[in-house]
Amino acid sequence: MALKRGFSISSLNKNRRGGSRLPIVVLIFFCVLSPLIFFVGRGLNTTSSSTDQNLNAVGSGKQHLNWRERLGLQHVKSIFSKEVIDVITSSTADLGPLSLDSFRKNNLSASWKVIAVDTSVEDNAASEVRMTHDCHALVESLAKYHVVCTIFSTVVKQEAPKGKDNNISDDDSRSGDTPAKLARRFMQQLREKRREKRAAELLRQDDEAIARLESAAIERSKLVDGAVLGKYSIWRKEMDNENSDSTVRLMRDQMIMARVYLSIAKMKSKLDLLQELQTRIKESQRVLGDSLADSDLHPSAPVKIKAMGQVLSKAREQLYDCKLVTGKLRAMLQTADEQVRSLKKQSTFLSQLAAKTVPNGIHCMSMRLTIDYYLLPLDKRKFPRSENLENPNLYHYALFSDNVLAASVVVNSTIINAKDSSKHVFHLVTDKLNFGAMNMWFLLNPPGKATIHVENVDEFKWLNSSYCPVLRQLESAAMKEYYFKANHPTSLSSSSSNLKYRNPKYLSMLNHLRFYLPEVYPKLDKILFLDDDIVVQKDLTKLWSVDLHGKVNGAVETCGESFHRFDKYLNFSNPHIARNFDPNACGWAYGMNIFDLKVWKKKDITGIYHKWQNMNEDRVLWKLGTLPPGLITFYNLTNPLEKTWHVLGLGYNPSIDRSEIESAAVVHYNGNMKPWLELAMTKYRPYWTKYIKYDHPYLRNCNLSE
């Protein structure tokens, strides 16, 4: 067998030297089967010397491998176009363990060994090396061609139409397209698969992101305070059943659609349907009434809902027109929006009206006290300890009010929380109407050992229109027209948005007297100004020892990040305001202010106030009120106090923290919801009512109760 194999090889070499060439098919067949022949005849004995010589010959021929590969590729290029060759190169470059280099190392080296075993002549070995190199290059070309054929067959199979009559063979499918087109189609499929994989990855990332957002939203929802949310909030404890008013909402929705079809039926003269809709609407209105929950509905509600549903189905069959229904719903929405705005304006006006009126009980008490005061002998109308009124070593308070009950709470709460009431002096100023009532109340109810003094603002002869600009403005015809003429475009009846600035309390000089403290109390050095809608909860004596750093006013600042700054109160479009003030300057609160009257006189604060008040003759710098002129007058002259001294907002803010209120020295009911009014917030009212004795005869006779 070995001799036969050797003879065949020798004959092949002779034929090559003779110049004859074997057919390409025989050479391919020989090169492919040579590895198999090696494994069959591997057990034969070989001489180590011949093997070593032939292996050295192979080693010397490696330098021609690149040239041989190029020769093989030239044969391939004659068969295929450039596009196919590029596809072959890119497709076989990263075959890994199945690469052509590995194939050459593992398989062709074995073929070479078989061929070299039976050769003994050096020339024959050299010719065998050259033949093997030729075979080597050809096998590489065939391997690449095999890869391309595999790719093409895959593409053709995927592109072949799938059906019952699909009998087209691979050869037929390949004959339809050129190899370049098939290669491009295959690469396009690879790109599509990569895009699909990337899209799936992005979708997965989106799902994960959505899941994270939902988890974060659920965590935030757990922190929602249900106490301040509305009736239909699903977070509210008493509304755990989110469908508790589903029947009520269904009836309202039915009535809305019934009104839509009613107008369309009237337009199209469907009189029978029109009458039936009117009847069902009236029935639903009677059953619904003022119900807010299903438990409030009449037992006949399900029957009425069913009857209304039947009529609506009938109307839909006869009258439904998408364009008409949409137009009617839009018109109804606009009408409802206008009604809401109108009701909101009315609500604002009524709340302002309620805030500036005096309840019947307080008015009754004031009238009874006034009558009893003027029935007293003159010698019994005097307060004790009048010598303390001008003593600068005591703690002096200024309180300007026309509300007897409110003033009594301020005085009582201050004295009850004071360490030594004998050192506290209260200077009360009221108007002529309430002067007798204020005196009588504190004569009957003296606040411990504290000193009380009540004055009538109308007896301040120096406070006249020639000295006080605001008094001159309040007496002008323009101001009277602003307040009392119904046909004036900015009157109270014109539904203007700034109703809070038109409260008649601004007509009273009690509200502007705070700018004349040195004139009212010329012998005092420091005084603590208090509003009548505050409650004192701690001893305030430490305020007199606070260092104001040369400033006139000590007050708690009220500005946050974007509110209660100067631009909220002043008109910065006016050049006088824009040139002299910072729009972002922090505002502060009236209601509890410590004033240094010595520095006040030195810096002529009253003169500064007069200057700006004269410039605001036509209300072009600010609207009515005392805070805007106060911000201007004490600009750069206010020393901020710690916020625990004064907590505001109990008259409008329902979400003040309870611990913040209880730790405050003074709480302020600024806003419309005063504690003596019925519209006061219930949860804040006890801080005020605890200082009132409701069993007092005057309160009991006037039906004043908690």
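To be clear, the structure that these remarks concern was listed above.
Only a predicted model underlies this, so the values are computations on that prediction, with no experimental measurement involved.

## Brief notes about the overall build of the protein chain
If you tally the helices and strands in the protein chain, you get 27 helices and 10 strands. Here the protein chain, with 706 residues, has 41% of them falling under the buried criterion. Within the protein chain, contacts between residues separated by at least 24 positions form 75% of all contacts whose residues are at least 6 apart in sequence. Surface summary for the protein chain: the accessible area is close to 40700 Å², and the carbon and sulfur share equals 54%.

## Observations concerning the nonpolar core
By size, the foremost hydrophobic cluster in this structure holds 62 residues, and its most contacted members are M365, L428, L528, L540 and W688. The dominant element in this core, judged by the number of residues it contributes, is helix α15 (residues 404–416), at eight residues. Not counting chain neighbours up to four residues away, the residues in contact with W688 comprise L405, A406, V409, V535, Y669, P675, W676 and Y694. Core analysis: the next-biggest nonpolar cluster, separate from the first, contains 46 residues, L517, I527, F566 and F581 among them.

## Some words on the pattern of salt bridges
With the rule as written, the count across this model stands at 10 salt bridges. A salt bridge links E276 to K314, with the nearest nitrogen and oxygen atoms 3.5 Å apart. You can see E276 sitting in helix α11 (residues 271–288) and its partner K314 sitting in helix α12 (residues 301–319), a full 38 residues away along the chain. A salt bridge links E662 to R658; the nearest nitrogen and oxygen atoms lie 2.9 Å apart. One end of the pair is E662 and the other is R658, both in helix α25 (residues 658–662) and four residues apart, which spans about a single turn.

## Concerning α15
Compared with an ideal rise of 1.5 Å per residue, which puts 13 residues at 18 Å, α15 spans 18 Å between its outermost C-alpha atoms and is within 8% of the ideal. Within α15, 11 of the 13 residues are buried, which leaves it mostly tucked inside the rest of the structure. Three or more residues of α15 are buried, namely V404, L405, A406, A407, S408, V409, V410, V411, S413, T414 and I415. Capping the start of α15, N403 holds a side-chain oxygen 3.2 Å from the backbone nitrogen of L405, two or three residues further along.

## Looking at the pairing of strand β4 (residues 526–530)
Counting buried residues in β4 gives four out of five residues, a clear majority hidden from the surface. In this structure, strand β1 (residues 395–400) lies alongside β4, joined through three bridges in parallel fashion. Bridge pairing in β4 places L399 opposite L530. Relative to strand β7 (residues 592–596), β4 runs antiparallel, the two sharing five bridges. In the strand pairing of β7, L528 is matched with I594.

## Observations regarding the sheet that holds strand β10 (residues 666–668)
Sheet strands associate in pairs through backbone hydrogen bonding, adopting either a parallel or an antiparallel arrangement. Ordered in space as β5-β10-β9, the three strands form an open sheet in which the pairing is mixed. The open sheet is flanked by β5 (534–536) and β9 (646–647), the only strands paired with a single partner. Across two bridges, β9 lies against β10 in parallel orientation. Looking across to β10, one finds that V647 is bridged to V667.

## Some remarks on the state of the cysteines
The tally for this structure, following the rule as stated, stands at two disulfides. There is a disulfide in this structure between C364 and C702, and the S-S distance comes to 2.2 Å. As the torsion about the S-S bond is roughly -70°, the C364-C702 disulfide counts as left-handed. Of this pair, C364 sits in helix α14 (residues 360–374) while C702 sits in the segment after α27 (697–701); the two residues are 338 residues apart in sequence, bridging distant segments of the chain. A relative accessible area of 21% means that C364 is categorised as partly exposed. Among the residues examined, C702 registers a relative accessible area of 5% and is labelled buried. What pairs with C559 in a disulfide is C586, and their sulfur atoms sit 1.7 Å apart. One disulfide, between C559 and C586, carries an S-S torsion of -105° and so falls in the left-handed class. One end of the pair, C559, is in the loop between β6 (553–555) and α20 (566–569); the other, C586, is in the loop between α21 (575–580) and β7, and 27 residues separate them in sequence. Given the relative accessible area of 18%, C559 is considered buried.

## Describing the packing of aromatic side chains
Going through the model one piece at a time under the given rule, you end up with 24 aromatic pairs. Centre to centre, the rings of Y373 and Y374 are 5.2 Å apart; their planes meet at 80°, and the pair counts as edge-to-face. Its relative accessible area of 5% is what places Y373 among the buried residues. A ring pair is formed by W600 and F634, whose centres lie 5.4 Å apart and whose planes are at 70°; its orientation type is edge-to-face. In this pair, W600 is assigned in helix α22 (residues 597–603) and F634 in the loop between α24 (627–633) and β8 (638–640), connecting sequence segments 34 residues apart. The class of W600 is buried, set by a relative accessible area of 2%. When the ring centre of Y320 is taken as origin, the NZ or CZ atom of R316, which lies over that ring, is 4.4 Å away. Sitting above the plane of the Y590 ring, R514 keeps its charged end 4.7 Å from the centroid.

## Focus on the packing of helix α10 (residues 246–267) against α12
Close contact between α10 and α12 brings their axes to 10 Å; oriented N to C, the two are set at 35°. Both α10 and α12 take part in a crossing whose hand is left-handed. Taking contact as the criterion, the partners of T247, L250, M251, Q254, M257, A258, Y261, I264 and A265 in α10 are, on α12, A301, I305, M308, G309, L312, A315, R316 and L319.

## What about unusual backbone geometry?
What you tend to see is this: most non-glycine residues have negative phi, and most peptide bonds are trans. In this structure, H549 takes a positive phi of about 55° despite not being glycine. Structurally, H549 can be placed in the loop between β5 and β6. Although it is not a glycine, N703 adopts a positive phi angle of roughly 60°. Judged by its relative accessible area of 67%, N703 falls in the exposed class.

Rules used in this analysis
- Residues numbered from 1 in each chain as written.
- Predicted model: local features only at pLDDT ≥ 70, side-chain atom pairs only at ≥ 80, totals over all residues.
- Heavy atoms only, no water.
- Helix = DSSP H or I, 4+ residues; strand = E, 2+ residues; numbered from the N terminus.
- Buried < 20%, exposed > 50% of the residue type's maximum accessible area, 1.4 Å probe, protein only.
- Contact = heavy atoms within 4.5 Å.
- Areas by Shrake-Rupley, 256 points an atom, 1.4 Å probe, with all protein chains shown as cover.
- Core = buried A, V, L, I, M, F, W, Y, C linked by side-chain atoms within 4.5 Å.
- Salt bridge = Lys/Arg side-chain N within 4 Å of Asp/Glu carboxyl O.
- Expected span 1.5 Å × (residues − 1).
- Polar contact = N/O pair within 3.5 Å; in protein donor to acceptor, adjacent residues only side chain to side chain.
- Pairing = 2+ DSSP bridges.
- Disulfide = S-S within 2.5 Å.
- Phe/Tyr/Trp six-rings, centres within 6.5 Å; stacked < 30°, edge-to-face > 60°.
- Lys NZ or Arg CZ within 6 Å of the ring centre and 35° of its normal.
- Axes fitted to C-alpha atoms, helices over the stretch in contact; angles between N-to-C directions.
- Left-handed = near helix turned anticlockwise from the far one by under 90°.

Function-wise, these values are silent; they only describe arrangement.
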